[in-house]
Amino acid sequence: MKKTKVAVIFGGRSGEHEVSLVSAASVIKALRSGDNSEKYDVIEIGIDRKGRWFTGENCLNIFKKNSVSGLGSIRFSTDPEHQTVDIAFPVLHGPFGEDGTIQGLFEMLQIPYVGCNVVASSTAMDKLQCKAIWKSAGLPIVPHIGLTRKELIENEEAIIRKIINELGLPCFVKPANLGSAVGITKAKTEKDLSNALKEAAKYDRRLLVEKAVNVREIECAVLGNDNPIVSPPGEVIVGGEFYDFYDKYVNGISTTQIPAKLDTEIGEKIRNMALEAYKLLDCGGLARVDCFLDRDDGKIYLNEINTMPGFTSISMYPKLIEAFGIKYENLVDKLIILGLERFEEKQKNKVSFESGSDWYA
Ligand SMILES: Nc1ncnc2c1ncn2[C@@H]1O[C@H](COP(=O)(O)OP(=O)(O)O)[C@@H](O)[C@H]1O
Ligand SMILES: [Mg+2]
């Protein structure tokens, strides 16, 4: 049997470059072991911090040493006849990877890829877009106010008054697009709020401010295209004040609890909500849906959806999927099958209308 050539892509321009290398090491290892090794050939592709693409035998290990020496560059061809990979597996977190941009490139190149499509990826990355869609479908989200950098510059005082009146303090200030809590501040005073708005505005032209909730952080893993499955919830037990970059990746004081200790009824409610959130965004392949459970009044909120969640063999997403008896090796195999399946399905679409077709005639 001809092996399927999988281009595993890692690194990238985002702040989560290193995290991506760790996730990719697990993915590559899983594709090269057991039954997968008979089925797949892995091509390692690294994107450096400047956005340059490289490939070579030992690309991941060379990238881990913060080097690109000895690696070759990549040539893109828009001619399907020239394709040298069967599917791309982008293991990239954050902007320029998880946000629809690289997915758009694959669409242009006509290469199947693992994970969410362009619109699901970009919507999931943009906290304001995502919340607008969930809200319109009646799903619960934390009260928030959206604004632009320009509005902030022109009207800071009025904006601060509005936030304090409508949401109160403390509140969370976030850039609309980003991840790993970069640019996010919990503002406790009016002065904090002013600084937090300016900080978030450095990262994006749109920001949002949310009411601070006394949260338990509950997450579900969703897997599939048209008939996705949703895992039982897991919980992140946050060590610091909130789940920020340092807490996640530097001091490692946060832990996970799988499954989360929850009333069955609440757990089921969260699972159903996660599934609906996934479908509303037209996700495919995989996503991790993050929810908040208010410790004070028991209310449940959708917080965000990650279309390429942390993906080492001990990360929350693969661990949650194990509840279905799907081991990490099977999970990466399944994701490739789902990516190929969705590509096949897309081939059925007419690209443009043809005069003389039945409905046009
Ligand atoms: N409204 C909120 N109330 C309480 N905590 C919050 C709120 N929003 C965010 N947080 C805390 O900040 C962390 C990061 O926020 P999040 O919206 O998930 O951004 P990111 O995309 O960077 O992960 C959350 O995991 C949570 O700990
Ligand atoms: Mg988050």
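Cut-offs and rules
- Residues numbered from 1 in each chain as written.
- Chains lettered and ligands numbered in written order.
- Predicted model: local features only at pLDDT ≥ 70, side-chain atom pairs only at ≥ 80, totals over all residues.
- Helix = DSSP H or I, 4+ residues; strand = E, 2+ residues; numbered from the N terminus.
- Rg over C-alpha atoms; globule rule 2.2 N^0.38 Å.
- Buried ≥ 20, exposed ≤ 12 C-beta atoms within 10 Å, placed from the backbone.
- Axes fitted to C-alpha atoms, helices over the stretch in contact; angles between N-to-C directions.
- Parallel < 35°, antiparallel > 145°, perpendicular 65-115°, else oblique.
- Contact = placed C-beta atoms within 7 Å.
- Nonpolar A, V, L, I, M, F, W, Y, C, P; charged D, E, K, R; others polar.
- Core = buried A, V, L, I, M, F, W, Y, C linked by C-beta atoms within 7 Å.
- Domains from an automatic or database assignment.
- Near = placed C-beta within 6 Å.
- Expected span 1.5 Å × (residues − 1).
- Arc of directions from axis to C-beta.
- Pairing = 2+ DSSP bridges.

*Asks:* Please clarify how the overall build of the protein chain should be interpreted in this entry.
*Replies:* Scanning the protein chain for helices and strands turns up 12 helices and 15 strands. Relative to a compact globule of 361 residues, whose C-alpha radius of gyration would be 21 Å, the protein chain shows 21 Å and is just as compact. With respect to the principal axes defined by its C-alpha atoms, the protein chain has extents near 65 × 60 × 45 Å. When each of the 361 residues of the protein chain is scored for burial, the buried share is 41%.

*Asks:* It is not clear to me how unusual backbone geometry should be interpreted in this structure. Could you clarify?
*Replies:* Both trends apply: most residues other than glycine have a negative phi, and most peptide bonds are in trans. For the bond from L169 to P170, the omega torsion is -5°, close enough to zero to count as cis. With respect to the element layout, P170 can be found in the loop between helix 7 (149-166) and strand 7 (171-175). Here the amide bond leading from I258 into P259 is cis, since omega sits at -10°, within 30 degrees of zero. Locating P259 in the fold gives a position in the loop between strand 13 (255-257) and helix 10 (264-280). The phi dihedral of N66 is positive, around 65°, even though this residue is not glycine. One non-glycine residue with positive phi stands out, namely D282, at about 60°. For D282, the location among the structural elements is in the loop between helix 10 and strand 14 (286-294).

*Asks:* Is there a simple way to think about the packing of helix 1 (residues 17-31) against helix 12 (residues 328-347) in this case?
*Replies:* Between two packed helices, the angle of one axis relative to the other and the distance separating the axes together describe the packing. Packing of helix 1 against helix 12 brings their axes to within 9 Å, and their N-to-C directions diverge by 90°. Considered as vectors, helix 1 and helix 12 are oriented roughly perpendicular to each other. Contacts between helix 1 and helix 12 pair V27, A30 and L31 from the former with Y328, E329 and V332 from the latter. Per-class residue counts for the contact of helix 1 with helix 12 are five nonpolar, no polar and one charged.

*Asks:* Would you mind showing me how to read the nonpolar core here?
*Replies:* Note that soluble globular proteins tend to have their nonpolar side chains buried in a common cluster. V8, F89 and V222 are the most contacted members of the largest nonpolar core, which totals 69 residues. If you tally residues by element for this core, the top one is strand 14, at six residues. Two domains each donate at least three residues to this core, and these are domain 1 (4-114) and domain 3 (213-307). Setting aside anything within four residues of it in sequence, one finds F89 in contact with V6, A7, V8, I9, V27, V114 and I336. If you look at the next biggest cluster of nonpolar residues, it comprises 16 residues, including F172, L197, L207 and L208.

*Asks:* Honestly, the site of ligand 1 in this entry has me stumped. Any pointers?
*Replies:* Within the structure, ligand 1 sits among 18 residues, and A181, E210, V213, F242 and Y243 are positioned closest to it. Contributions of two or more residues to the shell around ligand 1 are made by strand 7, strand 10 (215-223) and strand 15 (300-306). Across the shell around ligand 1, the residue classes break down as 10 nonpolar, three polar and five charged. Counting the residues that make up the shell around ligand 1, at least three belong to each of domain 2 (143-211) and domain 3 (213-307).

*Asks:* Help me understand the environment of Q347 in this model?
*Replies:* With respect to the helices and strands, Q347 occurs in helix 12. Residue class for Q347 comes out exposed when judged on the 8 C-beta atoms lying within 10 Å of it.

*Asks:* So what exactly am I meant to see when it comes to helix 1 here?
*Replies:* Side chains of residues three or four places apart in an α-helix project in the same direction, reflecting 3.6 residues per turn. In this model, helix 1 (15 residues) spans 21 Å end to end at C-alpha, consistent with the 21 Å of a helix rising 1.5 Å per residue. Here helix 1 has its buried residues at H17, V19, S20, S23, A24, V27, I28, A30 and L31. Angular distribution of buried residues about the axis of helix 1 spans 165°; they occupy a single face of the element.

*Asks:* Would you mind going over the sheet that holds strand 9 (residues 206-211) with me for this structure?
*Replies:* Strand pairs in the sheet, formed through backbone hydrogen bonds, run parallel or antiparallel to each other. Here four strands make up an open sheet; going across it, the order is 6-9-7-8 and the pairing antiparallel. If you trace the sheet from one side to the other, it starts and ends with strand 6 (144-148) and strand 8 (185-187), each paired once. Between one strand and the next, the sheet's axes are offset by a mean angle of 25°, whatever the strand orientation. With five bridges connecting them, strand 6 and strand 9 associate as antiparallel partners. Following the sheet pairing, H144 is matched in strand 9 by E210. Sitting on the sheet, helix 7 is in contact with strand 6, strand 7 and strand 9, with an inclination near 165° to strand 6. Running over the sheet, helix 8 (residues 190-201) touches strand 7, strand 8 and strand 9 and is turned about 20° from strand 7.

*Asks:* Would you explain the sheet that holds strand 1 (residues 4-11) in this entry?
*Replies:* Pairing within the open sheet is mixed, and its five strands lie in the order 4-3-2-1-5. Unpaired on one side and paired on the other, strand 4 (72-73) and strand 5 (87-90) mark the two borders of the sheet. With two bridges joining them, strand 3 (residues 53-55) and strand 4 adopt antiparallel strand pairing. Residue T55 lies in a different strand from strand 4, and its bridge partner there is G72.

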